[in-house]
Amino acid sequence: MDRQKRLLCHISAPARGHRCSCAGRGQHGFALIVVLWGLVLIGLMITHLIAAGRMETRVAMNLVSNAQLATAADGAVYHAIFHFLESEDGKHWMANGEMHDVTIGAVAVSVRMMDEAGKVNPNIVSEGLIADLLRVIGVATGQSRAQATAITEWIRPADLDMTGSATDAYRSAGLDYGPPGAPFETLDEIGRVLGMTPEIAAKLRPHLSLWTANDPDRKTADPDVSKALEGQPRQSDGAMPLVQRQFFLTIEATASGPSGESFRRRAIVGINPSSLRGFKILAWEAPLAE
């Protein structure tokens, strides 16, 4: 019945000189649906833009916070150098691993210094000393001796290995490389030495340094190195006045943010009190975000 009424409306409407009211109502309904869908789409776009804006703002704030922490940690490194060079009592910091809390700008930073002179340089160490150090950190006696031999063979020039036994040992272990016959360039390279496990390398690394030019200084050595030195012949300390000595220090600075985030910087610094500038940054290690 309704269908017939709509059909009559379309037929009689032109004769009466006006539009069919039924058609008008249908068109108005369709227009309303289009408008509603348009509002929904606009709402979705606005929601997306707000969410994206919040995300970008959060990322920007994180970048700013990270930059502030990095700047504060770097500033703390120079702050520590200044205090090490300070000769006045109460202001001089010892390179003994003691933690110092400072504020750089508005950022709290914990910083400490360690003297590299108390560590073992694997490029110049004797096989006996490195074996004793390995034993002190928990490596069995037989294994420590074999490991010490492998470390010294790593840096031994190839022309001194006439039989090629060192290289053959690596091949027998299924490794596609052998001793380079050159000094260690990084401490991470220790992990490639034959027989070295990640666990042993992790325990050994804190006691090693590539910056020292002599055997460990017994006065600044850490307890494990000191214990290893007990079995070694005591050499003359050859102590020189403080103002003439060149120091190699490790400085670690950890800056902490208000929300628990942190940034750690580790630097190797050469300090020569008798030089014009007094210090030189030798290495900035890749920062480790906490």
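Data block above holds the structure.
Residues numbered from 1 in each chain as written. Predicted model: local features only at pLDDT ≥ 70, side-chain atom pairs only at ≥ 80, totals over all residues. Heavy atoms only, no water.

Chemist: Whenever I open this one, the overall build of the protein confuses me. Can you help?
Modeler: Looking only at helices and strands, the protein features seven helices and six strands. Scanning the protein from its N terminus toward the C terminus, one meets helices and strands in the order α-α-β-β-α-α-α-α-α-β-β-β-β. With 290 residues in all, the protein has 32% of them scored as buried. (Helix = DSSP H or I, 4+ residues; strand = E, 2+ residues; numbered from the N terminus. Buried < 20%, exposed > 50% of the residue type's maximum accessible area, 1.4 Å probe, protein only.)

Chemist: It is not clear to me how the pattern of salt bridges should be interpreted in this structure. Could you clarify?
Modeler: Opposite charge on two side chains allows them to pair when their charged atoms are near. Counted under the stated rule, the structure contains seven salt bridges. Salt-bridge contacts for Glu 116 lead to Lys 119; the nearest nitrogen and oxygen are separated by 2.9 Å. Taking the relative accessible area as the measure of exposure, Lys 119 reaches 9% and is therefore buried. A single salt-bridge network, built from bridges that share partners, covers Arg 112, Glu 252 and Arg 266. (Salt bridge = Lys/Arg side-chain N within 4 Å of Asp/Glu carboxyl O.)

Chemist: Any chance you could explain the packing of helix α3 (residues 127-136) against helix α4 (residues 141-155) here in plain terms?
Modeler: Two measures define how a pair of helices packs: the angle their axes make with one another and the distance between the axes. Interhelical geometry of α3 versus α4 gives an angle of 135 degrees and a closest axis separation of 8 Å. Accordingly, the angle class assigned to the pair α3 and α4 is oblique. Both α3 and α4 take part in a crossing whose hand is right-handed. On the side of α3, the interface is formed by Glu 127, Ile 130, Ala 131, Leu 134 and Arg 135, while α4 contributes Thr 141, Ser 144, Arg 145, Gln 147, Ala 148, Thr 149, Ile 151 and Thr 152. (Axes fitted to C-alpha atoms, helices over the stretch in contact; angles between N-to-C directions. Parallel < 35°, antiparallel > 145°, perpendicular 65-115°, else oblique. Left-handed = near helix turned anticlockwise from the far one by under 90°. Contact = heavy atoms within 4.5 Å.)

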